[in-house]
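# Chains, contacts and geometry: an overview
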Amino acid sequence: MLLITCPWCGPRDETEYHYGGQAHVPYPETPADLTDGQWAEYVFYRDNPKGPFAERWVHSTGCRRWFNVLRDTATHEVLTSYRIDEPRPELPHAGGNR
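Given the structure is predicted, the values throughout are model-derived calculations rather than measurements.

Turning our eyes to something else, we now look at the overall build of the chain. Tallying secondary structure elements over the chain gives 1 helix and 6 strands in all. In sequence order, the secondary structure elements of the chain are arranged as β-β-β-α-β-β-β. Buried residues in the chain amount to 23% of all 98 residues. Looking at the chain as shown, the accessible area adds up to about 7,000 Å², and 50% of this sits on carbon and sulfur atoms. When the 10 positive and 14 negative side-chain charges of the chain are each reduced to one mean point, those points stand 6 Å apart.

Encoded structure:
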């Protein structure tokens, strides 16, 4: 079970939240000008990295606000959470190589 920290309500069990997909995906500026293939790519294609990944979550049984979570997809560790109007936090480099 994940322990996710809502920026407004604090730490809560993952059962209080719903996953909303990849964070920081910009809406197309002129969606009417997209081809069917470009629209399909926007709607259906998302990154699937191994490691830190920014996701959108909604606190559905609490404040009902959307926010972002930076989670490691390999370990499921929640690294941080932040409001949607905040930039993605930088993570320290692991392994001593900079």
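Following the structure, the description resumes.
The topology assignment puts Asn68 in strand E5 (residues 66–72). Residue classification places Asn68 among the buried positions, given a relative accessible area of 3%. Aside from chain neighbours lying at most four places away, what touches Asn68 is Ala23, His24, Glu55, Arg56, Thr80, Ser81, Tyr82, Arg83 and Ile84.

We now examine the sheet that holds strand E4 (residues 52–58). The strand order across the open sheet built from 4 strands is E3-E4-E5-E6, with neighbouring strands paired in antiparallel fashion. Where the open sheet ends on each side, the last strands, each with one partner, are strand E3 (18–22) and strand E6 (78–83). Mean inter-strand twist for the sheet, computed between neighbouring axes without regard to direction, equals 30 degrees. Bridge analysis of E5 against E6 gives 5 bridges, and the strand direction is antiparallel. Across the sheet, the residue bridging to Arg71 is Val78, located in E6.

Our next topic: the state of the cysteines. If you walk through the whole model with that rule in mind, you get 0 disulfides. Note on Cys9: no disulfide assigned, nearest cysteine sulfur contributed by Cys63 at a separation of 3.7 Å. No disulfide involves Cys63; its nearest neighbouring cysteine sulfur is the one of Cys6, lying 3.7 Å away.

Listed in full, the 7 residues of the largest apolar core are Leu2, Ile4, Cys6, Tyr17, Trp57, Phe67 and Val69. At the level of secondary structure, the elements contributing two or more residues to this core comprise strand E1 (3–6) and E5. Not counting residues up to four positions away in its chain, the partners in contact with Trp57 are Ile4, Tyr17, His18, Tyr19, Gly20, Arg65, Trp66, Phe67 and Val69.

Below, the discussion takes up unusual backbone geometry. One non-glycine residue, Arg64, adopts positive backbone phi at about 65 degrees. Looking at the secondary structure, you find Arg64 in the loop between E4 and E5. Exposure remark for Arg64: the relative accessible area of 66% places this residue in the exposed category. The backbone of His76 shows a phi angle near 65 degrees, a positive value even though the residue is not glycine. Mapped onto the elements of the fold, His76 is located in the loop between E5 and E6.

Calculation notes
- Residues numbered from 1 in each chain as written.
- Predicted model: local features only at pLDDT ≥ 70, side-chain atom pairs only at ≥ 80, totals over all residues.
- Heavy atoms only, no water.
- Helix = DSSP H or I, 4+ residues; strand = E, 2+ residues; numbered from the N terminus.
- Buried < 20%, exposed > 50% of the residue type's maximum accessible area, 1.4 Å probe, protein only.
- Areas by Shrake-Rupley, 256 points an atom, 1.4 Å probe, with all protein chains shown as cover.
- Lys, Arg positive; Asp, Glu negative; His and termini not counted.
- Charge placed at Lys NZ, Arg CZ, Asp CG, Glu CD.
- Contact = heavy atoms within 4.5 Å.
- Pairing = 2+ DSSP bridges.
- Axes fitted to C-alpha atoms, helices over the stretch in contact; angles between N-to-C directions.
- Disulfide = S-S within 2.5 Å.
- Core = buried A, V, L, I, M, F, W, Y, C linked by side-chain atoms within 4.5 Å.

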